[in-house]
Amino acid sequence: MTESTRKRTTKAASIEAEIAELRRELAEHDYRYYVRSEPTISDVEYDGMLRRLRDLETERPDLVTPDSPTQRVSGQIAEGFEEYRHARPMLSLDNSYSIEDLRDWAARCEKLAEGRAFDYVAELKIDGLSMSLIYAEGTLQRAVTRGDGVRGEVVTSNARTIRSIPLALKDGGAQVDLSAVREIEVRGEVFLPRESFEKINRERAEAELATFANPRNAASGTMRMLDPRIVAERNLDIFCYQLLFDGAPALPSHFDSLAWMTAHGFKVNPHYRHCPTIDDVIAFCDAWGEKRDGLNYEIDGVVVKVNQVAIQDELGSTAKSPRWAIAYKFPARQVSTQLLDVLYQVGRTGAVTPVAVLDPVLLAGTTVARASLHNADEMMRLGVRRGDFVFIEKSGEIIPQVIKVIVERRTGDETEFTFPSRCPVCETSLVKPEDEAVTRCPNPDCPAKLRAGLLHFSGRRAMRIDGLGEALVEQLTSPRIERDDRAEPLPPLVADIADLYDLPGKRDELIALDRMGAKSADNLLSQIESSRQAGMARLLYGLGIRHVGERTAVILARHFSSMEKLAAASREELARVFEVGEVVAASIADWFAEKRNRDLLARLASAGVKMDLPETDGPPVQRVFEGKTFVLTGTLPTMKRDEAKEFIESRGGRVSSSVSRKTDFVVAGDDAGSKLTKAQELNLQILTEDDLRLLGG
Ligand code: IVH
């Protein structure tokens, strides 16, 4: 061997060794971060290691393996999903809705066990979608959805983006001999944490895309997306609950399976309990019925399983579900009421949302008279008719929604709805793109869009023209009939956003409006006046450009510092801005490409609306809450929720929707519920609004 070949071989060998070491370490850190939530290095250190691994793999593409941490997110868009037959059917569970049902089930199990001793394991029933993960030779081969229980769809590329799913089994010690095992199958529930669900829906609502009805729908919709890069951004997670070796229960007890999965790097929900008797199971169900709101994911009950596999085999299964397990469903937080009508609301981007008008009913402490029906597809799925009795539900902080029609209560007098084909406001033919759930009014001059656009523009998070509410917007945008009743109505005072800034010159016309006195007119005018100083970020958000939410607006304003520079930026330049992706860049570029939008901005500018960053007025707010996490609960004496959030965020803090050990402060007002209880249990610091103001300075 010459000196140079030897050097090359050693270098090659050391690259291989370094790659192997980096992969091992990165997988371990993924495990610590995503499975155990106990990171031991900083994000910066992690990113450095990942970058080094990427560089080495670029140098040696022949060494890239599918289980490398660099290979989680594939850039390849799928054309569809293949079918796959499960080695053992993925059964569903029988439901029980009462403690008596549970006792009956336990009594049946005892009878069938014929005197042999057994016990139970109780687990949380995660509200997501079930997934089968198949490993061979230690690495993930396939991820399959439940499908109809017999055949599912292969969604491996999407599942790989879930960071708590190990791409390779972790070395869990050699207690179990795996030498004869070909395939290891781990089943679990993929779910979307509440916070991620709320974030996705907030962003979708801002972009006027159809929102998801609940985290489960969002998770299953995400799992069936064709582009794994989008799936990767959604923050899906998994809890694993079943282990099979070559299609059969692997170990003598379910408890052993949970321990095996935990030892091999799978995320198992920590709140399971080994229950010697059914009374212990019942205590567990009662406790979690109370505590469920404190979790950062949704559960809809408890799953109770006979622990011993020998007894499970004895009890067997029906075609639908095993006899050895049962789901105890929590009492629903639903009420029934009559659906009187459906209204169709047209939003800022023309999205038409059906809203159910209900016979008012009390639900979770508030009277509910309206509920969302989301979109045309959802209305069809529910099959609602005028006069139907329906179940409505309020989950978390989400607006009430219609869950289901009570078909049994139909009398025959109900009448069907047809989704309108024309805009209910301007009568333009509606459009519904094939791949979207939303139906839209395409008319750029639709008065409903203008009204929703004005409300958005004047909102608290945009230009803050407080006096401009729904009723006034309606008046300002409607033709005016003069009090002396002349035949011809006058044109509306406001036909676009920029017209607001002409109102100061039309004080008399304003006062002439119904229910508008000099005082309220002047009040409105002074608010319009001061909104000129809102600055670029608020203005940009207020313009309602698709995909430009509050945060994106701030990022863009900081980056470009003036509207003029932003308007001049190319799509590529925009996409290069940190956190602004292709879709957002395209939407902004398209907006500025339209003459009517550029004209609008020019008119706003000549009306004195500030087009760049605001000068900081008053003393700068100190970032006293930097790195601290807050949870708000209950009604505060003076601050609205949005205001408290802004107060905290402007001082560097973060507001989260659920209480955990990582929460630093819980700000509690009147009627604080389970979040406060949880905070007390965890011994967290609880603040009043006054405390918050005092700390914030
Ligand atoms: S065990 C044969 N355990 O609930 C037993 N299922 O309604 C199979 N689920 O299809 C399921 N959490 O998608 C089990 N801890 C848990 C669960 C769980 C949620 C889901 C699962 C199943 C559905 C049945």
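Residues numbered from 1 in each chain as written. Predicted model: local features only at pLDDT ≥ 70, side-chain atom pairs only at ≥ 80, totals over all residues. Heavy atoms only, no water.

A short note on the overall build of the protein chain
A count of helices and strands for the protein chain gives 24 helices and 24 strands. At 29 Å, the protein chain has a C-alpha radius of gyration in line with the 26 Å of a compact globule built from 697 residues. Residues counted as buried form 46% of the 697 residues belonging to the protein chain. The contacts in the protein chain between residues at least 6 apart in sequence include a share of 67% that link residues at least 24 apart. Carbon together with sulfur atoms contributes 50% to the accessible area of the protein chain, which is approximately 35800 Å² in total. A distance of 1 Å separates the average location of the 94 positive side-chain charges in the protein chain from that of its 110 negative side-chain charges. (Helix = DSSP H or I, 4+ residues; strand = E, 2+ residues; numbered from the N terminus. Rg over C-alpha atoms; globule rule 2.2 N^0.38 Å. Buried < 20%, exposed > 50% of the residue type's maximum accessible area, 1.4 Å probe, protein only. Contact = heavy atoms within 4.5 Å. Areas by Shrake-Rupley, 256 points an atom, 1.4 Å probe, with all protein chains shown as cover. Lys, Arg positive; Asp, Glu negative; His and termini not counted. Charge placed at Lys NZ, Arg CZ, Asp CG, Glu CD.)

Brief notes about helix H3 (residues 99–113)
Its 15 residues place the ends of H3 21 Å apart at the C-alpha level, agreeing with the 21 Å of an ideal helix rising 1.5 Å per residue. When we look at burial in H3, the residues that qualify are Leu102, Trp105, Ala106, Cys109 and Ala113. Buried residues of H3, viewed axially, fall in a sector of 100°; they line one side. Across from the buried face of H3, at angles greater than 90 degrees, the exposed residues are Glu100 and Lys111. The secondary structure elements touched by the buried residues of H3 are strand E2 (95–96), strand E3 (120–126), helix H9 (278–291), strand E11 (299–306), helix H10 (309–315) and strand E12 (325–329). Directly beyond the C-terminal end of H3, a positive phi value near 45° is found at Glu114. (Expected span 1.5 Å × (residues − 1). Arc of directions from axis to C-beta.)

Points about the pattern of salt bridges
All chains considered together, the criterion is met by 44 salt bridges. The partner of Lys320 in a salt bridge is Asp94, with the nearest N and O atoms 3.6 Å apart. Taken together, the residues Lys320 in the loop between H10 and E12 and Asp94 in the loop between strand E1 (83–85) and E2 connect sequence positions 226 residues apart. Given a relative accessible area of 35%, Asp94 falls into the partly exposed group. (Salt bridge = Lys/Arg side-chain N within 4 Å of Asp/Glu carboxyl O.)

Points about the sheet that holds strand E22 (residues 654–656)
If you trace the four strands from one edge of the open sheet to the other, you get E22-E21-E23-E24, paired in parallel fashion. Where the open sheet ends on each side, the last strands, each with one partner, are E22 and strand E24 (685–687). Here the strands of the sheet are splayed against their neighbours by 35° on average, with no regard to which way each runs. Against the sheet, helix H22 (residues 641–649) engages strand E21 (629–633) and E22, with an angle of about 170° to E21. (Pairing = 2+ DSSP bridges. Axes fitted to C-alpha atoms, helices over the stretch in contact; angles between N-to-C directions.)

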